Amino acid sequence: RIIEYIEQNYNQDINIATLSQHFSISPSYLSHIFKKHSQKSIIEYLNELRVSHAKEFLENEETSVSEIAIRIGFYDINYFSRKFKAITGKTPIEYRKLHTN
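Residues numbered from 1 in each chain as written. Predicted model: local features only at pLDDT ≥ 70, side-chain atom pairs only at ≥ 80, totals over all residues. Heavy atoms only, no water.

**Q** Go over the packing of aromatic side chains, please, and point to the residues and values.
**A** Tallied over the entire structure, the rule returns six aromatic pairs. Put simply, the rings of Phe-74, Tyr-79, Phe-80, Phe-84 and Tyr-95 touch in pairs and so form one group of aromatic residues. Above the plane of the ring of Phe-74 lies Arg-50, whose end atom (NZ or CZ) is 5.4 Å from the centre. (Phe/Tyr/Trp six-rings, centres within 6.5 Å; stacked < 30°, edge-to-face > 60°. Lys NZ or Arg CZ within 6 Å of the ring centre and 35° of its normal.)

**Q** Go over the environment of Glu-67, please, and point to the residues and values.
**A** Locating Glu-67 in the fold gives a position in helix H5 (residues 65–71). Distance in space between the C-alpha atoms of Glu-67 and Ile-77 is 9.0 Å, their sequence separation being 10 residues. (Helix = DSSP H or I, 4+ residues; strand = E, 2+ residues; numbered from the N terminus.)

**Q** Run through the nonpolar core, naming residues and quoting values.
**A** Membership of the largest hydrophobic core comes to 25 residues, with the highest contact counts inside it found for Ile-2, Ile-6, Leu-19, Ile-72, Phe-80 and Phe-84. Mapped by element, the contributors of at least two residues to this core are helix H1 (2–9), helix H2 (16–23), helix H3 (27–38), helix H4 (42–60), H5 and helix H6 (77–88). For this core, the element with the highest residue contribution is H4, accounting for eight residues. (Core = buried A, V, L, I, M, F, W, Y, C linked by side-chain atoms within 4.5 Å. Buried < 20%, exposed > 50% of the residue type's maximum accessible area, 1.4 Å probe, protein only.)

**Q** If you had to explain H2 to someone new, which residues and values would you point to?
**A** Restricting attention to buried positions, one finds in H2 the residues Leu-19, Ser-20 and Phe-23. Along H2, the residues classed as buried sweep out an arc of 100 degrees about the axis, all on the same side. Lining the buried residues of H2 we find H1, H3 and H4. Just downstream of H2, Ser-24 is the residue with a positive phi angle, here 55 degrees. (Arc of directions from axis to C-beta. Contact = heavy atoms within 4.5 Å.)

**Q** I'd love a proper account of the pattern of salt bridges, names of residues and values included.
**A** All chains considered together, the criterion is met by two salt bridges. A salt bridge links Lys-40 to Glu-48; the shortest N-O distance between them is 2.4 Å. Classification of Lys-40 as partly exposed rests on a relative accessible area of 28%. Residues Glu-61 and Arg-71 are paired through a salt bridge, measuring 3.0 Å at the closest nitrogen-oxygen approach. Note that Glu-61 is positioned in the loop between H4 and H5 and Arg-71 in helix H5, a separation of 10 residues in sequence. In this structure Glu-61 comes out as partly exposed when scored by relative accessible area, which is 27%. (Salt bridge = Lys/Arg side-chain N within 4 Å of Asp/Glu carboxyl O.)

Spelled out as structure tokens, the structure:
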């Protein structure tokens, strides 16, 4: 249920505190069970999901990188760019250039 909720709301302001309130469990227990079942922290999973969506937008739209970042739930373009590069090995602009005609 937690993964389903994250996948449906990835573009919202999601963090461990809001998730724990939503599911009425403690933040530490939520983190523990999530990592046990997914082998990733909630934040790692959320960032990977957001970057996955960003890749689709970068490949298929001409929307600016900053607009895409906001659309997927990153409100700091620099943080988005760092996370995108950490996950893909490329900056969003490099990725777009490689994956568009």
